[in-house]
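Chains, contacts and geometry: an overview
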Amino acid sequence: MTGDLPITRATQPEAVEAPDGELYDCWNKIGVYGNGACAELPEFIHCRNCPVYSKSGRQLLDRKPPAGYQREWTEHFAREKHVTAPAKASALLFRISNEWLALPTQAFQEVAERRAIHSLPHRRQGIVLGLTNVRGELVICVSLGRLLGIEKVAPGQTLRSTYDRLLAAHWDGQRLAFPVDEVHGIYRFELTELKPPPATISQSSQTYSRGILHWKGRAVGYLDAELLFSSLNRSLT
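The rules behind each value
- Residues numbered from 1 in each chain as written.
- Predicted model: local features only at pLDDT ≥ 70, side-chain atom pairs only at ≥ 80, totals over all residues.
- Heavy atoms only, no water.
- Disulfide = S-S within 2.5 Å.
- Phe/Tyr/Trp six-rings, centres within 6.5 Å; stacked < 30°, edge-to-face > 60°.
- Helix = DSSP H or I, 4+ residues; strand = E, 2+ residues; numbered from the N terminus.
- Buried < 20%, exposed > 50% of the residue type's maximum accessible area, 1.4 Å probe, protein only.
- Expected span 1.5 Å × (residues − 1).
- Polar contact = N/O pair within 3.5 Å; in protein donor to acceptor, adjacent residues only side chain to side chain.
- Core = buried A, V, L, I, M, F, W, Y, C linked by side-chain atoms within 4.5 Å.
- Contact = heavy atoms within 4.5 Å.

Okay, the state of the cysteines next. Summed over the entire model, instances satisfying the criterion amount to 0 disulfides. C26 supplies the cysteine sulfur nearest to C47, a cysteine that is in no disulfide, at a spacing of 6.3 Å.

Have a look at this one:
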(Lines give C-alpha, C1' and ligand atoms only; values in the text may rest on other atoms or scores of the structure.)
Protein backbone atom coordinates (compact mmCIF):
# COMPACT_ATOMS: atom_id res chain seq x y z
CA MET A 1 0.00 0.00 0.00
CA THR A 2 2.48 2.49 -1.19
CA GLY A 3 2.12 5.59 -3.30
CA ASP A 4 -1.10 6.14 -5.23
CA LEU A 5 -1.15 2.77 -7.03
CA PRO A 6 -4.57 1.13 -7.28
CA ILE A 7 -5.25 -1.22 -4.41
CA THR A 8 -6.99 -4.49 -5.18
CA ARG A 9 -8.80 -6.89 -2.88
CA ALA A 10 -5.76 -9.15 -3.08
CA THR A 11 -3.40 -6.48 -1.79
CA GLN A 12 -5.53 -4.38 0.58
CA PRO A 13 -5.87 -5.41 4.24
CA GLU A 14 -9.20 -6.95 5.24
CA ALA A 15 -9.85 -4.68 8.18
CA VAL A 16 -7.09 -6.14 10.30
CA GLU A 17 -6.16 -4.37 13.48
CA ALA A 18 -2.96 -2.37 13.57
CA PRO A 19 -0.45 -3.15 16.32
CA ASP A 20 -1.74 -0.26 18.44
CA GLY A 21 -5.25 -1.75 18.39
CA GLU A 22 -6.71 0.66 15.85
CA LEU A 23 -8.42 -0.56 12.70
CA TYR A 24 -6.98 0.12 9.30
CA ASP A 25 -9.52 2.54 7.90
CA CYS A 26 -8.93 1.99 4.21
CA TRP A 27 -12.03 4.04 3.36
CA ASN A 28 -10.24 7.12 4.65
CA LYS A 29 -7.04 6.36 2.72
CA ILE A 30 -7.89 4.72 -0.61
CA GLY A 31 -11.68 4.82 -0.50
CA VAL A 32 -14.29 7.49 -1.04
CA TYR A 33 -12.90 9.59 1.82
CA GLY A 34 -9.32 9.16 0.60
CA ASN A 35 -7.67 9.24 -2.82
CA GLY A 36 -10.13 6.82 -4.42
CA ALA A 37 -7.36 4.42 -5.50
CA CYS A 38 -9.19 1.28 -4.33
CA ALA A 39 -9.82 -1.08 -7.27
CA GLU A 40 -13.06 -2.27 -5.65
CA LEU A 41 -14.80 1.12 -5.85
CA PRO A 42 -16.21 0.54 -9.37
CA GLU A 43 -17.94 -2.57 -8.08
CA PHE A 44 -19.20 -1.33 -4.71
CA ILE A 45 -19.68 2.36 -5.68
CA HIS A 46 -19.26 3.39 -2.01
CA CYS A 47 -17.16 2.02 0.83
CA ARG A 48 -20.20 1.37 3.00
CA ASN A 49 -21.26 -1.33 0.50
CA CYS A 50 -17.90 -3.13 0.81
CA PRO A 51 -17.56 -6.24 3.04
CA VAL A 52 -14.25 -4.86 4.36
CA TYR A 53 -16.11 -1.83 5.71
CA SER A 54 -18.75 -4.06 7.36
CA LYS A 55 -16.10 -6.30 8.89
CA SER A 56 -14.32 -3.26 10.30
CA GLY A 57 -17.57 -2.17 11.92
CA ARG A 58 -17.99 -5.53 13.63
CA GLN A 59 -14.40 -5.51 14.84
CA LEU A 60 -14.89 -1.99 16.18
CA LEU A 61 -17.88 -3.12 18.25
CA ASP A 62 -16.14 -6.29 19.45
CA ARG A 63 -12.90 -4.65 20.48
CA LYS A 64 -11.86 -4.59 24.12
CA PRO A 65 -12.66 -1.39 26.00
CA PRO A 66 -9.70 0.91 26.62
CA ALA A 67 -8.09 1.12 30.04
CA GLY A 68 -10.22 3.03 32.53
CA TYR A 69 -13.34 2.89 30.33
CA GLN A 70 -15.59 1.26 32.94
CA ARG A 71 -14.26 3.45 35.74
CA GLU A 72 -14.90 6.67 33.77
CA TRP A 73 -18.48 5.74 32.94
CA THR A 74 -19.15 4.52 36.46
CA GLU A 75 -18.04 7.89 37.81
CA HIS A 76 -20.12 9.66 35.16
CA PHE A 77 -23.40 7.97 36.15
CA ALA A 78 -22.58 8.22 39.87
CA ARG A 79 -22.38 12.01 39.77
CA GLU A 80 -25.19 13.96 41.37
CA LYS A 81 -27.73 15.08 38.80
CA HIS A 82 -28.41 18.79 38.67
CA VAL A 83 -32.02 19.38 37.71
CA THR A 84 -32.55 22.58 35.77
CA ALA A 85 -34.99 24.89 37.46
CA PRO A 86 -38.17 25.52 35.44
CA ALA A 87 -38.46 28.82 33.65
CA LYS A 88 -40.16 31.59 35.56
CA ALA A 89 -43.68 32.67 34.72
CA SER A 90 -44.82 36.28 34.66
CA ALA A 91 -48.15 37.80 35.56
CA LEU A 92 -49.70 41.24 35.78
CA LEU A 93 -50.86 42.04 39.32
CA PHE A 94 -53.91 44.23 39.79
CA ARG A 95 -56.53 45.02 42.41
CA ILE A 96 -60.32 45.00 42.13
CA SER A 97 -62.06 46.29 45.22
CA ASN A 98 -60.11 44.67 48.09
CA GLU A 99 -58.87 41.66 46.11
CA TRP A 100 -55.46 41.34 44.49
CA LEU A 101 -55.49 39.23 41.34
CA ALA A 102 -53.08 38.16 38.61
CA LEU A 103 -53.28 37.01 35.01
CA PRO A 104 -50.52 35.88 32.62
CA THR A 105 -48.69 38.83 31.11
CA GLN A 106 -49.28 37.65 27.54
CA ALA A 107 -53.02 38.18 28.01
CA PHE A 108 -52.61 41.97 28.06
CA GLN A 109 -52.02 44.51 25.35
CA GLU A 110 -52.14 47.74 27.30
CA VAL A 111 -52.62 49.34 30.69
CA ALA A 112 -54.64 52.50 30.02
CA GLU A 113 -55.49 55.51 32.15
CA ARG A 114 -58.88 56.05 33.73
CA ARG A 115 -61.61 56.78 31.20
CA ALA A 116 -65.39 56.82 30.82
CA ILE A 117 -67.34 53.66 30.03
CA HIS A 118 -70.51 54.18 28.00
CA SER A 119 -73.23 51.77 29.02
CA LEU A 120 -75.36 49.84 26.55
CA PRO A 121 -79.16 49.67 26.66
CA HIS A 122 -80.56 46.56 28.38
CA ARG A 123 -77.06 45.42 29.46
CA ARG A 124 -76.85 47.13 32.84
CA GLN A 125 -77.09 44.14 35.17
CA GLY A 126 -74.78 41.63 33.51
CA ILE A 127 -71.00 41.58 33.38
CA VAL A 128 -70.96 43.86 30.30
CA LEU A 129 -70.37 47.44 31.43
CA GLY A 130 -70.49 49.00 27.98
CA LEU A 131 -68.02 50.37 25.46
CA THR A 132 -64.83 52.31 26.00
CA ASN A 133 -62.37 53.96 23.67
CA VAL A 134 -58.90 52.35 23.53
CA ARG A 135 -56.61 54.09 21.02
CA GLY A 136 -59.50 55.09 18.81
CA GLU A 137 -61.18 51.68 18.87
CA LEU A 138 -64.41 50.92 20.71
CA VAL A 139 -63.80 47.91 22.92
CA ILE A 140 -66.33 45.98 24.96
CA CYS A 141 -65.72 46.59 28.64
CA VAL A 142 -66.64 43.90 31.16
CA SER A 143 -66.73 43.67 34.93
CA LEU A 144 -64.23 41.10 36.11
CA GLY A 145 -65.19 41.86 39.69
CA ARG A 146 -68.81 40.97 39.07
CA LEU A 147 -67.88 37.73 37.29
CA LEU A 148 -65.67 36.68 40.20
CA GLY A 149 -68.23 37.71 42.79
CA ILE A 150 -65.96 40.22 44.51
CA GLU A 151 -67.86 43.37 43.56
CA LYS A 152 -71.52 43.14 44.45
CA VAL A 153 -74.16 45.44 43.08
CA ALA A 154 -77.46 46.00 44.86
CA PRO A 155 -80.70 45.76 42.87
CA GLY A 156 -81.36 48.93 40.92
CA GLN A 157 -77.73 50.05 41.13
CA THR A 158 -75.07 49.99 38.48
CA LEU A 159 -71.31 49.73 38.75
CA ARG A 160 -69.42 52.99 38.80
CA SER A 161 -68.47 54.29 35.35
CA THR A 162 -64.88 55.36 36.07
CA TYR A 163 -61.92 53.49 37.53
CA ASP A 164 -58.28 54.24 38.15
CA ARG A 165 -56.96 51.92 35.42
CA LEU A 166 -58.27 50.05 32.42
CA LEU A 167 -56.67 46.81 31.26
CA ALA A 168 -56.96 46.02 27.54
CA ALA A 169 -56.68 42.27 26.98
CA HIS A 170 -56.56 40.03 23.92
CA TRP A 171 -57.15 36.31 24.16
CA ASP A 172 -58.15 33.72 21.58
CA GLY A 173 -59.04 36.37 19.00
CA GLN A 174 -61.26 38.37 21.34
CA ARG A 175 -60.33 41.84 22.55
CA LEU A 176 -61.83 42.99 25.83
CA ALA A 177 -61.18 45.60 28.47
CA PHE A 178 -61.94 45.59 32.15
CA PRO A 179 -61.47 48.27 34.78
CA VAL A 180 -59.41 47.79 37.93
CA ASP A 181 -58.72 49.94 40.95
CA GLU A 182 -54.95 49.56 40.99
CA VAL A 183 -52.16 48.00 38.92
CA HIS A 184 -48.91 46.93 40.53
CA GLY A 185 -47.09 45.72 37.41
CA ILE A 186 -45.42 42.55 36.21
CA TYR A 187 -44.45 39.94 38.78
CA ARG A 188 -42.17 36.99 37.97
CA PHE A 189 -42.47 33.76 39.90
CA GLU A 190 -41.90 30.02 39.82
CA LEU A 191 -44.97 27.90 39.16
CA THR A 192 -44.01 25.89 42.23
CA GLU A 193 -44.84 28.98 44.30
CA LEU A 194 -48.56 28.55 43.55
CA LYS A 195 -50.53 27.37 46.56
CA PRO A 196 -54.04 25.87 46.54
CA PRO A 197 -56.78 28.49 46.96
CA PRO A 198 -58.29 28.58 50.45
CA ALA A 199 -61.82 27.34 50.97
CA THR A 200 -62.81 30.73 52.40
CA ILE A 201 -62.76 32.55 49.05
CA SER A 202 -65.95 32.87 47.04
CA GLN A 203 -67.03 29.97 44.85
CA SER A 204 -66.75 32.11 41.71
CA SER A 205 -63.19 33.15 42.45
CA GLN A 206 -62.23 29.59 43.31
CA THR A 207 -63.64 28.34 39.99
CA TYR A 208 -61.35 30.59 37.96
CA SER A 209 -58.31 30.36 40.22
CA ARG A 210 -55.20 28.32 39.45
CA GLY A 211 -53.78 29.03 42.87
CA ILE A 212 -52.58 31.68 45.29
CA LEU A 213 -49.37 33.71 45.08
CA HIS A 214 -47.94 35.30 48.21
CA TRP A 215 -46.65 38.77 47.38
CA LYS A 216 -45.60 41.37 49.97
CA GLY A 217 -47.69 39.72 52.64
CA ARG A 218 -50.77 39.59 50.42
CA ALA A 219 -52.56 36.62 48.92
CA VAL A 220 -52.93 37.15 45.16
CA GLY A 221 -55.35 34.99 43.20
CA TYR A 222 -53.65 33.72 40.04
CA LEU A 223 -56.47 33.29 37.52
CA ASP A 224 -56.80 30.65 34.80
CA ALA A 225 -56.72 32.80 31.65
CA GLU A 226 -58.11 30.11 29.35
CA LEU A 227 -61.10 29.43 31.58
CA LEU A 228 -61.70 33.07 32.43
CA PHE A 229 -61.72 34.45 28.88
CA SER A 230 -63.72 31.50 27.61
CA SER A 231 -66.41 32.34 30.16
CA LEU A 232 -66.28 36.04 29.26
CA ASN A 233 -66.64 35.31 25.56
CA ARG A 234 -69.68 33.08 26.21
CA SER A 235 -71.26 35.88 28.21
CA LEU A 236 -71.03 38.19 25.22
CA THR A 237 -72.98 35.96 22.86
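The relation between two aromatic rings is expressed through the spacing of the ring centres and the mutual angle of the planes. The tally for this structure, following the rule as stated, stands at 9 aromatic pairs. Aromatic pair F94 and F178: ring centres 5.8 Å apart, planes at 55°, arrangement tilted. Taken together, the residues span a long stretch of sequence, with F94 in strand β1 (residues 89-96) and F178 in strand β7 (residues 174-180) at a distance of 84 residues. With respect to burial, F94 and F178 carry one shared label: buried. Taken together through their ring pairs, the aromatic side chains of F94, F108 and F178 make up a single cluster.

Here we take up helix α6 (residues 225-236). Along an α-helix, residues three or four positions apart point the same way, because every turn accommodates 3.6 residues. Counted at 1.5 Å a residue, the expected span for α6 with its 12 residues is 16 Å, and the 17 Å between its end C-alpha atoms agrees. Of all the residues in α6, the buried ones are A225, L228, F229, S231, L232 and N233. Regarding α6, its N-cap is D224, as a side-chain oxygen of that residue lies 3.1 Å from the backbone nitrogen of E226 further along.

It is worth spelling out the nonpolar core at this point. One finds F94, L144 and F178 to be the most contacted residues of the largest nonpolar core, which totals 26 residues. Counting residues per element, the ones that place at least two in this core are β1, β2 (99-104), α4 (144-148), β6 (165-171), β7 and α6. Sort the elements by how many residues they give to this core and α6 lands first, with 4 residues. In this view, F178 contacts F94, L103, F108, C141, V142, L144, R165, L166, L167 and A169; residues no more than four positions away in its chain are not counted. Membership of the second largest hydrophobic core comes to 12 residues, among which are A91, W100, L213 and W215.

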